[in-house]
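Breakdown of the fold
Now for the letters of each chain:
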Amino acid sequence: MYCLELAGDDDAFAACEARSAASALEVAAPGVATARGIDADGVRTLAYTHAASDLIATTDAEVDAAEAALRAAAIDRTGSVAVRARDVRSTTGCSTQTAERRLGAVLVDRGFSVDLDDPDHELRVLFSAGEVDGERRDRCFIGWLTVESKRDFGERRPTDRPFFQPGSMAPLDARALVNIAGAGPDTRVVDPMCGTGGLLLEAGLVGSAVVGVDAQWKMTRGSRENLDALLDGGGEIIHGDATALPMVDDCADAVVFDAPYGRQSKIARHELADLVGGALAEARRIAPRAVVVADRSWEAEAEDAGWTVDRRFERRVHGTLVRHVHVLSG
């Protein structure tokens, strides 16, 4: 078993993304999930998971209980160690310094040396308290660090790209969306409203072949410029209409797009409802999975287009803007 330290404050959304790299994943306590197995390479690409650890024990959210559990645990490794404890979201009041000192002493008693700078092994201790699905979960998770996600999203801020337009999605969120859609090696991801190419960039960075379509020449040129600069020229950009994609049936593994916001859209001279409904129908024609982001629910239109709505998340961006994330399957 593994424990995963989730990021952000929406555990359901973080868990949805983490399932792309973990099996039998369940939220076990606020900010922490457990999983039967993980794909280490996949975990490295996750936006809303910090790290995954090989689980040694789960106890009450108390330092005494954690110390007792570690003393009783079977340990099959030797060498140097560092203990890192965290009070997840500051919910338990446990002293992480006390936990690190006392659990470190247990390991020293069992033959480990301490190396805080470059240890052979790192013990992660996560204290968490709160409710999950209406049930109180005050727990401590102890595990050997297996893999951490690569936190390099700040290097790709939209304002630092060669081509920028206001309203561009942050790379952290774009990465989560393409992961939920199933992006990765040996997959093809299409964005039929690619804009500045942010979703394509994140899908390409996790290994997907990417195709972007946009009705505005300005956007196709700009997204091409961004992909050339940040994805070493990978990907294909097409000038076209999201409601009539120049692609054959079943040519992609997933479709991801951020629909225009507002009551009407000037893109390809479509009313917004016609544009989104048509794009959903075309997405269903070319792929079995989709993730669609919008400023409102398009569940009815998705179902009319032949999709099953597996999940819909509402994620506040700022002020009154809430992004509705639709997770769709064919």
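The following refers to the structure shown. Model, not experiment: these values are computed from the prediction.

**Considering the sheet that holds strand 7 (residues 80-87)**
An order of 3-4-1-6-12-9-7-8 is seen for the eight strands of this open sheet, with the pairing classed as mixed. Every other strand in the sheet has two partners, leaving strand 3 (26-29) and strand 8 (113-114) as the edge strands with one partner each.

**Considerations on the environment of I38**
If you trace the backbone, I38 turns up in strand 5 (residues 37-38). When the C-alpha atoms of I38 and A21 are compared, they prove to be 5.7 Å apart, with 17 residues separating the residues in sequence. Excluding residues that lie within four positions of it along the chain, I38 makes contacts with Y2, L4, A21, A22, V43, A52, T146 and V147.

**What about the nonpolar core?**
Membership of the largest hydrophobic core comes to 48 residues, with the highest contact counts inside it found for L4, F13, L25 and L177. Sorting the residues of this core by element identifies strand 1 (2-6), helix 1 (11-18), strand 4 (32-35), helix 5 (171-181), helix 6 (198-205), strand 16 (254-258), strand 17 (289-294) and strand 19 (321-329) as the ones contributing at least two each. For L177, the contacting residues outside a window of four places in its chain are F13, M169, L199, V256, V291, V293 and V325. Core analysis: the second largest hydrophobic core is formed by 30 residues, M193, I238, L245 and A283 among them.

**Digging into the packing of helix 5 against helix 6**
Put simply, helix 5 and helix 6 touch, their axes get as near as 8 Å, and they point 60° apart. Between helix 5 and helix 6, the angle falls in the class oblique. Crossing angle aside, the handedness with which helix 5 passes helix 6 is right-handed. When helix 5 is examined against helix 6, the residues P171, A174, R175, L177 and V178 are found in contact with a partner set consisting of G198, L199, E202, A203 and L205. Per-class residue counts for the contact of helix 5 with helix 6 are seven nonpolar, one polar and two charged.

Quick notes on the rules
- Residues numbered from 1 in each chain as written.
- Predicted model: local features only at pLDDT ≥ 70, side-chain atom pairs only at ≥ 80, totals over all residues.
- Heavy atoms only, no water.
- Pairing = 2+ DSSP bridges.
- Helix = DSSP H or I, 4+ residues; strand = E, 2+ residues; numbered from the N terminus.
- Contact = heavy atoms within 4.5 Å.
- Core = buried A, V, L, I, M, F, W, Y, C linked by side-chain atoms within 4.5 Å.
- Buried < 20%, exposed > 50% of the residue type's maximum accessible area, 1.4 Å probe, protein only.
- Axes fitted to C-alpha atoms, helices over the stretch in contact; angles between N-to-C directions.
- Parallel < 35°, antiparallel > 145°, perpendicular 65-115°, else oblique.
- Left-handed = near helix turned anticlockwise from the far one by under 90°.
- Nonpolar A, V, L, I, M, F, W, Y, C, P; charged D, E, K, R; others polar.

Scope: geometric values only; no functional claims are made or implied.
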